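# Secondary and tertiary structure notes
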Amino acid sequence: MNGAFSTHVLPWTMLPDVVDINEYQTGARREGLYAGLMTFFMKITNSIAIFLIGLILEFSGYVANEIQNATTMTTIQWTMAVAPGIFVIIAIIATTLYPYSKEDHRNIRMELERTGT
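Described below are features of the structure shown in this document. (Residues numbered from 1 in each chain as written. Predicted model: local features only at pLDDT ≥ 70, side-chain atom pairs only at ≥ 80, totals over all residues. Heavy atoms only, no water.)

The secondary structure content of the protein amounts to 4 helices and 0 strands. Listed by position from the N terminus, the elements making up the protein come as α-α-α-α. Taken over the C-alpha atoms alone, the protein extends approximately 65 × 25 × 20 Å along its principal axes. Burial statistics for the protein: of 117 residues in total, 16% are counted as buried. When contacts within the protein are restricted to residue pairs at least 6 apart in sequence, those whose partners lie at least 24 apart make up 56%. As displayed, the protein has an accessible area near 8,600 Å², and 68% of this comes from carbon and sulfur atoms. When the 7 basic and 10 acidic side-chain charges of the protein are each reduced to a single mean position, those positions are 7 Å apart. (Helix = DSSP H or I, 4+ residues; strand = E, 2+ residues; numbered from the N terminus. Buried < 20%, exposed > 50% of the residue type's maximum accessible area, 1.4 Å probe, protein only. Contact = heavy atoms within 4.5 Å. Areas by Shrake-Rupley, 256 points an atom, 1.4 Å probe, with all protein chains shown as cover. Lys, Arg positive; Asp, Glu negative; His and termini not counted. Charge placed at Lys NZ, Arg CZ, Asp CG, Glu CD.)

This is how it looks when you write it as structure tokens:
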């Protein structure tokens with residue numbers, strides 16, 4: 001599986017847990033609010049990332065439709081391989097530190113089903 005793919009999917013797999021925790025704590029179901037906020041922030045961060053990649057390529061000497069120099073090729077390799085790897089490592093650390101276990105999920109779901117919310 002592509003590492004960049006996992007960094008896009010991982011937040012969406014955590015969203016239902018966050019919605020359940022919020023419902024358990026507040027009694028209100030706000031999945032639309034959370035999905036909307038997450039979509040908004042993902043679009044903002046993707047836009048910033050694309051802009052930054054453009055700047056990085058420009059500063060490395062990228063020229064469209066030309067054979068690229070060694071510095072530009074190295075920059076492209078780092079941008080496409082190393083940088084996503086760093087973000088995957090950050091995502092792995094963040095999910096490892098996520099303080100919500102399967103047992104927590106099971107208990108919260110049982111309580112939500114018991115109270116009918």
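Moving on to the environment of leucine 112. Its place among the elements puts leucine 112 in helix 4 (residues 102-115). A relative accessible area of 3% places leucine 112 in the buried class.

Further remarks concern helix 2 (residues 31-59). Turn by turn, an α-helix covers 3.6 residues, leaving residues three or four places apart pointing in a common direction. Taking 1.5 Å of rise per residue, 29 residues should cover 42 Å, and helix 2 covers 42 Å from first to last C-alpha, within 8% of that figure. Backbone geometry just after helix 2 places glycine 61 at a positive phi near 100°. (Expected span 1.5 Å × (residues − 1).)

Right, let's get into the side chain of threonine 75. For threonine 75, the position within the fold is in helix 3 (residues 70-97). With residues near it in sequence (within four places) discarded, threonine 75 still touches Ile56 and Ser60.

By the definition in use, this model includes 7 salt bridges. A salt bridge links aspartate 20 to arginine 29, with the nearest nitrogen and oxygen atoms 2.7 Å apart. According to the relative accessible area criterion, arginine 29 is partly exposed, its value standing at 41%. In this structure, glutamate 111 and arginine 114 form a salt bridge, with 2.5 Å as the shortest nitrogen-oxygen distance. Placement of the pair is glutamate 111 and arginine 114 together in helix 4, with a separation of 3 residues, close to one helical turn. Owing to a relative accessible area of 26%, glutamate 111 belongs among the partly exposed residues under this scheme. A single network of salt bridges, built from pairs that share partners, joins Asp20, Glu23, Arg29, Glu31, Arg109 and Glu113. (Salt bridge = Lys/Arg side-chain N within 4 Å of Asp/Glu carboxyl O.)

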